[in-house]
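Tertiary structure, described
Chain by chain, the residues:
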Amino acid sequence: MDTLPDDATPNEKLASLKTLTTVIYALYALSLFIGVTAIVAIVLNYIKREEAQGTWLESHFTWQIRTFWWSALWCVLGALTWIILIGWVILGVAFVWFIYRIAKGWLNLNDGKPMPL
């Protein structure tokens, strides 16, 4: 993505950051079908997190990062326990929880609301 010039207004910078946040939510949603996009999304989260600091979008970056890491943890736990059947339950709950987190975040972003943390 192109960076904005140094003379960009705060509103332009915020609009650009909101667009990037939308793209990151889309990458997370796409990861349900193409898993590697979640890796791209988390990398973008960490690269651009500092730019979001102090804005209402900072909460979305934190929400997205937490969603990624908690989902990764639950998927690993589910994979390790799938043989004893509890893993299937863990993976199912993690899947629904991930979808909820992406949908809730995306809707709040669309409404211009920060995420509760």
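Sequence positions are assigned chain by chain, starting from 1 and proceeding in written order. Local features in this predicted model are restricted to residues whose pLDDT is 70 or higher, and side-chain atom pairs enter the listing and the counts only when it is 80 or higher, whereas totals over whole chains, interfaces and linings include all residues. Heavy atoms from the whole structure form the basis of all side-chain values; hydrogens and water molecules are not counted.

Re the environment of Ala103
Within the fold, Ala103 resides in helix α4 (residues 86–110). Whether a residue is buried, partly exposed or exposed follows from its accessible area with a 1.4 Å probe, protein chains only, as a fraction of its type maximum: under 20%, in between, or over 50%, in that order. For Ala103, a relative accessible area of 34% corresponds to the partly exposed category. In the structure, Ala103 is positioned 11 residues away from Gly92 in sequence and 17 Å away in space, judged by C-alpha atoms. Secondary structure elements are defined from DSSP: runs of H or I of at least 4 residues count as helices, runs of E of at least 2 residues count as strands, and each element is numbered from the N terminus.

Some remarks on unusual backbone geometry
With a phi close to 70°, Leu85 is a non-glycine residue in the positive phi region. Mapped onto the fold, Leu85 is located in the loop between α3 (58–81) and α4. For Leu85, a relative accessible area of 59% puts it in the exposed group.

Structural notes on the packing of aromatic side chains
Between 30 and 60 degrees the pair is tilted, below 30 it is stacked and above 60 it is edge-to-face, where a pair is any two Phe, Tyr or Trp rings, Trp via its six-membered ring, whose centres lie within 6.5 Å. The tally for this structure, following the rule as stated, stands at 5 aromatic pairs. When the ring of Tyr28 is compared with that of Phe68, the centres are 6.5 Å apart and the planes differ by 45°; the resulting orientation is tilted. Taken together, the residues Tyr28 in helix α1 (residues 10–30) and Phe68 in helix α3 connect sequence positions 40 residues apart. The residues Tyr28 and Phe68 share a single accessibility class, namely buried.

Don't take any of this as a statement about function, it's just geometry.
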